[in-house]
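Topology and contacts: notes
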Amino acid sequence: MDSVKTKLDPTRFRRVERPPEPVDVSYDRGTLRRVWASLRENRLAMVCLVLLILILAASLLAPLSPYDPDLYDLTNKLSLPSLEHPFGTDELGRDYFTRALYGGRVSLAVGFFSMLVSVTLGTIVGTVSGYVGGVVDMVLMRILDIIMSVPTFLLIIIINAYVSPGLPTMIFIISIFAWMGVARIVRAETMSLKERDFVLAAKNLGTSDIVILFRHIIPNMSSAIIVAASLSIARAILTESSLSFLGFGVRLPTSSWGSMLQSAQSQILYNPLLAVFPGVLILITVLSFNVLGDVLRNALEPKMVK
Amino acid sequence: MLEQSELALEVSHLKKYFRMKGGTLKAVDDVSFSIRRGETLGLVGESGCGKTTCGRTCVGLYDKTGGQVLYRGKDVHQLRGKARKAFTKQVQTIFQDPYASLDPRLRVEEIIAEGMRNHHIGAGPKERRELVYALLEQVGLRREHASRYIHECSGGQRQRIGIARALAVDPEFVMCDEPISALDVSIQAQIVNLLIRLQKERGLTYLFIAHDLSMVKHISDRVAVMYLGTLVELTSSSELYAHPAHPYTRALLSAIPIPNPRVEEQRRRTVLEGEVPSPIDPPPGCRFRSRCPYASERCAQEMPPLQEVSPGHLVACHAVSGR
């Protein structure tokens, strides 16, 4: 016993200083913070965001440019990039930078507004189809399948030949062929949400179906809609550029990135940069929207990651 | 039998089947019972025996497959439009899972006030807010909780919010679907006492679903025991605990520990062998026979009907009624 006691002599114990263990308190601080956190983690996404903001701001501020995008200056055609003309000038001597900015306005506007239209349309069709179910669902989904099976691009070109070209028609035509993907996502989400207990509880409280849709179902799938929206902007911009490239987009002289690519085609041997600038702008914008869409998906739907 | 006007809920031969890949899942199969006004009927049984489905079908949350549910003489599943809306004010539900049954996008205040808005209780937003505050205090929460989101509340708080939501429309009948099973024991007692107090204050009628017999004994006037979609025993709470008749009920009761080591040491426990069979396409005869120590040839052939063995004591067992 004695020996045990001596062993437990308190002087033999040394106090070890340890830093306090970090208490990991993580609160769900809301969607915005979560998005911001995953943006900061992802350097590529951050770069994309900055580039997008730059392109957006530059396009919005395009009227500040000292040049008229449509003014010919034939004495100064096909000049190389310089301080005066950062992107050089095109075959008619117009300042290419200014034209690119105005073209960006068209492309981004088409992208943004056709996203709005297609997401709205897709959400309406998707929620109705998923919520009502039965025959309504079947009919709507078959209509959707039919539209999806049509070679969209050809149809857009054909329709374009019959209607007067312009920004609103362009937006309308692109979006009526872009809502199906959103509708499918929204339908699936609606079908799973309407079985959830809180929707059942709302029904049990006598809440009408319309109110259930707007108050309980749509807000709970906002993240899926946001992701679909960001991807649909990218697609709409691509569609618009392709159409303009083929000459079915907005009417000249209004520029768009696609139409700039087209006119650069004939000058490609003299000044290949004319094709590079709008091409790179399209690339960056579409890529950025896609990357951000993915980041949003990861941030807003943590289930998919883990 | 009882007079019609005294009955709150009258369930007769209720069936609820789900069509599955492997066959028909008979979640509720020919269940009949009734609940008097102001009474609490406990519905007990093990997990997956169809208690929740039965409860939800009774209050019209699920469509029925067969049978009939009358609430104060009206067929619950035939109600449409205004009558249906009026029904949602009279009959409310406290959901089992306080995590899934509250909308994560809404503030507590909005959740509780939803039913009030639907049924035009309270003159305006201001008055409703006062009512919400009063309700929060009634269920033991504070005013501050009104502006919170669900993810900022604990499990016990959420369950109270669920209770407040159900009470907000001033119902007559509340289907409590395991309102306490998601909570830890210290809070369970609080919630049960809260429910008992509210029943006294407002004259509520409860259908109280649980798998915990000791808690059911505490709150119920009568208890119905369910096994694999069928009722096996239905009697008053005191009778059930004093004279359990059905072998399944006996086994369940013997699983309740007695807080006295000497008694606990002496008593013989009935331990059930085997697993609960699948409710998908169950074989004919008594559902319990595969685990029943008294099972006979007759049990395999015919389903025992729910019969009165003594006044107010109904049992579905050939061995008991044949005695």
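Each value, and the rule that gives it
- Residues numbered from 1 in each chain as written.
- Chains lettered and ligands numbered in written order.
- Predicted model: local features only at pLDDT ≥ 70, side-chain atom pairs only at ≥ 80, totals over all residues.
- Heavy atoms only, no water.
- Helix = DSSP H or I, 4+ residues; strand = E, 2+ residues; numbered from the N terminus.
- Buried < 20%, exposed > 50% of the residue type's maximum accessible area, 1.4 Å probe, protein only.
- Areas by Shrake-Rupley, 256 points an atom, 1.4 Å probe, with all protein chains shown as cover.
- Rg over C-alpha atoms; globule rule 2.2 N^0.38 Å.
- Contact = heavy atoms within 4.5 Å.
- Lys, Arg positive; Asp, Glu negative; His and termini not counted.
- Charge placed at Lys NZ, Arg CZ, Asp CG, Glu CD.
- Buried area = accessible area lost by both parts, 1.4 Å probe.
- Salt bridge = Lys/Arg side-chain N within 4 Å of Asp/Glu carboxyl O.
- Polar contact = N/O pair within 3.5 Å; in protein donor to acceptor, adjacent residues only side chain to side chain.
- Nonpolar A, V, L, I, M, F, W, Y, C, P; charged D, E, K, R; others polar.
- Pairing = 2+ DSSP bridges.
- Axes fitted to C-alpha atoms, helices over the stretch in contact; angles between N-to-C directions.
- Expected span 1.5 Å × (residues − 1).
- pLDDT = per-residue confidence, 0-100.
- Core = buried A, V, L, I, M, F, W, Y, C linked by side-chain atoms within 4.5 Å.
- Patch = residues over 30% accessible without salt bridge, like charges linked within 9 Å, V, L, I, M, F, W, Y side chains within 5 Å.

A word on the overall build of chain A. Scanning chain A from terminus to terminus reveals 14 helices and zero strands. Reading chain A from its N end, one meets helices and strands in the order α-α-α-α-α-α-α-α-α-α-α-α-α-α. In chain A, which comprises 306 residues, the share counted as buried stands at 43%. Here chain A has roughly 17400 Å² of accessible surface; of this, 67% comes from carbon and sulfur atoms.

This part is about the overall build of chain B. Tallying secondary structure elements over chain B gives 12 helices and 12 strands in all. Taking 323 residues into account, the globule formula puts the C-alpha radius of gyration at 20 Å, and chain B, at 21 Å, falls close to it. Taking the principal axes of its C-alpha atoms as reference, chain B extends roughly 65 × 50 × 45 Å. In chain B, the share of contacts with a sequence separation of at least 24, taken over all contacts with a separation of at least 6, comes to 63%. With the model as given, the accessible surface of chain B reaches about 15100 Å², and the carbon-plus-sulfur share is 49%. Averaged over its 44 positive side-chain charges, chain B has a centre that lies 3 Å from the centre of its 37 negative ones.

Between chain A and chain B, the residue contacts involve 16 residues of the former and 27 residues of the latter. Summing both sides of the interface, chain A and chain B together bury roughly 1900 Å²; the carbon and sulfur share of this comes to 47%. When the buried surface of chain A facing chain B is broken down by residue, Asn204(A), Leu205(A) and Arg215(A) rank first, second and third, together holding 39% of it. Remark: the boundary between chain A and chain B carries one salt bridge. One salt bridge connects Arg56(B) with Asp197(A), and the closest N-O pair in it is separated by 3.1 Å. Taken together, chain A and chain B are joined by 14 residue pairs in polar contact (both at pLDDT 80 or more). Among the secondary structure elements, those contributing two or more residues to the side of chain A that touches chain B are helix H9 (197–204) and helix H10 (209–220) of chain A. Tallying contributions element by element places H9(A) first for the side of chain A that touches chain B, with seven residues. Class assignment of the residues belonging to the side of chain A that touches chain B gives a composition of six nonpolar, six polar and four charged.

As a further point, take the sheet that holds strand E11 (residues 307–310) of chain B. Residue and element names in this part refer to chain B. Within the open sheet, the eight strands sit side by side as E6-E7-E8-E3-E9-E10-E12-E11. Their pairing is mixed. Of all the strands in the sheet, just strand E6 (91–94) and E11 have a single pairing partner and so form its edges. Direction aside, the axes of adjacent strands within the sheet are offset by 20° on average. In the packing of helix H1 (residues 51–58) onto the sheet, contacts are made with strand E3 (40–44), strand E7 (173–177), strand E8 (205–210) and strand E9 (222–227), and the angle to E8 comes to roughly 155°.

Within an α-helix, residues lying three or four positions from one another point in the same direction, as the helix has 3.6 residues per turn. With 18 residues, helix H6 (residues 185–202) of chain B extends 26 Å from end C-alpha to end C-alpha; this agrees with the ideal 26 Å at 1.5 Å per step. Along H6(B), the residues that are buried comprise Gln188(B), Ile191(B), Val192(B), Leu194(B), Leu195(B), Ile196(B), Leu198(B) and Gln199(B).

So, on to the confidence of the model for chain A. Residues of chain A with pLDDT of at least 70 account for 86%, and the chain-wide mean is 81. Across residues 23–28 of chain A, confidence stays below pLDDT 50; counting only partners more than four residues off in sequence or on other chains, it has two contacts.

What follows concerns helix H9 (residues 247–254) of chain B. Taken across its eight residues, H9(B) has six buried, putting it largely inside the fold. Where H9(B) is buried, its residues contact helix H7 (213–219), E9, strand E10 (230–236) and helix H8 (237–242) of chain B.

Quick look at the pattern of salt bridges now. According to the stated counting rule, one finds 18 salt bridges over all chains in the structure shown. Residue Glu39(B) is joined to Arg222(B) by a salt bridge in which the shortest nitrogen-to-oxygen separation is 2.6 Å. Residue Glu39(B) is found in the loop between strand E2 (23–36) and E3, and its partner Arg222(B) is found in strand E9; the two are separated by 183 residues along the sequence. Take Glu39(B): its relative accessible area is 3%, and that puts it in the buried class. Assessed through its relative accessible area of 15%, Arg222(B) is described here as buried. Among the salt bridges present, the one from Glu178(B) reaches Lys51(B), with a minimum N-O distance of 3.5 Å. Residue Glu178(B) is located in the loop between E7 and H6, and its partner Lys51(B) is located in helix H1; the two are separated by 127 residues in the primary sequence. As far as the burial class goes, Glu178(B) and Lys51(B) line up, both buried. Residues joined in a network through salt bridges with shared partners are Arg142(A), Asp145(A) and Arg184(A).

Below, the discussion takes up the nonpolar core. Counting 58 residues, the largest nonpolar core has Ile112(B), Ile161(B), Ile163(B), Leu195(B), Tyr206(B) and Phe208(B) as the members making the most contacts within it. The element best represented in this core is H6(B), accounting for six residues. Apart from the residues lying within four places of it in its own chain, the contact partners of Ile161(B) are Leu102(B), Val108(B), Ile111(B), Ile112(B), Leu141(B), Ile150(B) and Cys153(B). Within the second largest apolar cluster, 47 residues are counted, among which are Ile217(A), Val291(A), Leu292(A) and Leu300(A).

A few words on a nonpolar patch on the surface. Residues and elements named next belong to chain A. Residues Leu56, Leu60, Leu61 and Leu64 make up a contiguous nonpolar surface patch of about 440 Å² in total accessible area. Counting through the fold element by element, leucine 60 comes out in helix H3 (residues 43–60). By relative accessible area, which is 57% here, leucine 60 ends up exposed.

This next bit is on unusual backbone geometry. Residue and element names in this part refer to chain B. Of note in this structure, aspartate 30 is not a glycine but carries a positive phi near 60°. As for its position among the elements, aspartate 30 is in strand E2. Overall, the relative accessible area of 38% leaves aspartate 30 in the partly exposed class. For leucine 228, which is not glycine, the phi dihedral falls at a positive 50°. With a relative accessible area of 4%, leucine 228 lands in the buried category.

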